[in-house]
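Observations on the three-dimensional arrangement
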Amino acid sequence: TQTVSQSDAHVTVFEGDSVELRCNYSYGGSIYLSWYIQHHGRGLQFLLKYYSGNPVVQGVNGFEAEFSKSDSSFHLRKASVHWSDSAVYFCAVSPGTGGYKVVFGSGTRLLVSP
Amino acid sequence: GGIITQTPKFLIGQEGQKLTLKCQQNFNHDTMYWYRQDSGKGLRLIYYSITENDLQKGDLSEGYDASREKKSSFSLTVTSAQKNEMAVFLCASSIPGGKSDYTFGSGTRLLVI
């Protein structure tokens, strides 16, 4: 069974700052990792994903994430945040062999102050 | 582009009441899901459906029923609403397989009084 941990429930930064949102997972086999964003009152929207290849993956709106097998991590980063990036971010993992049970982390609420 | 529509957006029910939430998608996705989102917690899978007329239980299926009579729609029923229950129910769809990106609806917010 896979698990995912987002250690920071809340992160506050200023507009223009860089930010890293942390995601750690545990699973013994190949794994499929993704990040989603949820703006207030909305459903989740897909940001980016990793399964194999280049461990740094690019997503929409300047987001990128880096997979590290040694650290069991898939942290999300953005070099310069905008106030509109304020939202809740969810990391998700699922077995790389397929299957339908995606496990979501508890989310990190990012607040970008102007 | 496609869209997932969840109805109603807000649902107020009474303790013990049977409540039905509906979800429609026009992506022609085979697989659909119902998740429950509680404040400060991640999403928990209630039911999913790999294809039309298929139903699979998730980790939180007790207290819920689901129905997938058409490829485009997936309904969830709270069989007996619990007093003071408050949660957001999210519907999602995807092409088959766990490697797919999910597309989510905007949610149904449930409050039981």
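All of the points below concern the structure found in this document.

Conventions and cut-offs
Here the residue numbering is sequential within each chain, running from 1 through the sequence in written order. Chains and ligands are labelled sequentially in the order written, the chains with letters from A and the ligands with numbers from 1. Residues qualify for local features only when their pLDDT is at least 70, as the model is predicted, and side-chain atom pairs are given and counted only at 80 or more; totals for whole chains, interfaces and linings, by contrast, use all residues. To get the side-chain values, all heavy atoms of the structure are used, and hydrogens and water are removed first. Only DSSP runs of H or I covering at least 4 residues are called helices, and only runs of E covering at least 2 are called strands; the numbering of each starts at the N terminus. Radius of gyration here is computed from C-alpha atoms only, and the compact-globule reference equals 2.2 Å multiplied by the residue count raised to the power 0.38. Buried means the residue's accessible area, taken with a 1.4 Å probe over protein chains only, is under 20% of the maximum for its type, while exposed means over 50%, and partly exposed covers the values in between. Only heavy atoms enter the contact rule, under which two residues are in contact if any of them lie within 4.5 Å. Counted as positive: Lys and Arg. Counted as negative: Asp and Glu, with His and the chain ends omitted from the count. The location of each charge is read from NZ of Lys, CZ of Arg, CG of Asp or CD of Glu. Two cysteine sulfurs form a disulfide in these notes if their separation is within 2.5 Å. Here the buried area means the combined drop in accessible surface, using a 1.4 Å probe, for two parts upon being joined, counting both sides. Salt bridges are defined by distance alone: a side-chain nitrogen of Lys or Arg within 4 Å of a carboxyl oxygen of Asp or Glu. What qualifies as a polar contact is a pair of N or O atoms within 3.5 Å, subject to a donor-acceptor requirement within protein and to the restriction that residues adjacent in sequence count only when both atoms come from side chains. DSSP calls a pair of strands paired once it identifies at least 2 bridges connecting them. Axis definition: a line fit to C-alpha positions, over the contact stretch in the case of helices; interaxial angles, taken between N-to-C directions, run 0 to 180 degrees.

**Focus on the overall build of chain B**
- What chain B contains, in helices and strands, is zero helices and 11 strands.
- The N-to-C order of helical and strand elements in chain B reads β-β-β-β-β-β-β-β-β-β-β.
- Taking 2.2 N^0.38 as the reference for a compact globule, 113 residues should give roughly 13 Å; the C-alpha atoms of chain B span a radius of gyration of 13 Å, in line with that estimate.
- Viewed in the frame of its principal axes, chain B has a C-alpha envelope of about 35 × 25 × 20 Å.
- Within chain B, the fraction of its 113 residues that count as buried is 50%.
- Put simply, 54% of the contacts in chain B that link residues at least 6 apart link residues at least 24 apart.
- In chain B, which carries 13 positive and 11 negative side-chain charges, the distance between the mean positions of the two groups comes to 5 Å.

**Let's talk about the state of the cysteines**
- Applying the stated criterion across every chain yields a total of two disulfides over all chains.
- Here C23 of chain A is linked by a disulfide to C91 of chain A, with a sulfur-sulfur distance of 2.0 Å. Torsion about the S-S bond of the C23 of chain A and C91 of chain A cystine: about -65°, corresponding to left-handed handedness. Highlighted residues: C23 of chain A in the loop between β3 (19-21) and β4 (24-26) and C91 of chain A in strand β10 (residues 87-95), separated in sequence by 68 residues. In this structure, C23 of chain A and C91 of chain A share a single accessibility class: buried.
- Between C23 of chain B and C91 of chain B runs a disulfide, and the two sulfur atoms are separated by 1.9 Å. Taking the torsion about the sulfur-sulfur bond, which here is approximately -80°, the covalent link between C23 of chain B and C91 of chain B counts as left-handed. With C23 of chain B in strand β3 (residues 19-25) and C91 of chain B in strand β9 (residues 86-94), this pair connects stretches of sequence that are 68 residues apart.
- A residue is classified by how much of its surface remains accessible, and C23 of chain B, at 1% relative accessible area, is buried.

**Describing the interface of chain A and chain B**
- In this assembly, 21 residues from chain A lie in contact with 25 residues from chain B.
- Between chain A and chain B, roughly 1800 Å² of surface is buried when both sides are summed, and carbon and sulfur atoms account for 56% of that area.
- Per-residue buried area on chain A facing chain B is highest for Y100, K101 and F104 of chain A; these three make up 36% of the total on that side.
- The interface formed by chain A and chain B contains one salt bridge.
- The interface formed by chain A and chain B contains five residue pairs in polar contact (both at pLDDT 80 or more).

**Section: the sheet that holds strand β1 (residues 4-7) of chain B**
All names here are of chain B.
- The sheet built from four strands is open, its strands ordered β1-β3-β8-β7 with antiparallel pairing. Either end of the sheet is taken by a strand with one partner, and the two such strands are β1 and β7 (64-70). Ignoring which end each strand starts from, the neighbouring axes of this sheet average 15° apart.
- Pairing analysis gives four bridges linking β3 to strand β8 (residues 73-78), with the strands arranged antiparallel. Directly across from T20, in β8, lies its bridge partner T77.

**What to know about the pairing of strand β6 (residues 44-50) of chain A**
Residues and elements named next belong to chain A.
- Judged from the six bridges that link them, strand β5 (residues 31-38) and β6 form a sheet pairing that is antiparallel. Considered in β6, the bridge of S34 is made with K49.
- With antiparallel pairing between neighbouring strands as the criterion, β5 and β6 make up a hairpin whose turn holds five residues, including G41 at a positive phi of roughly 75°.

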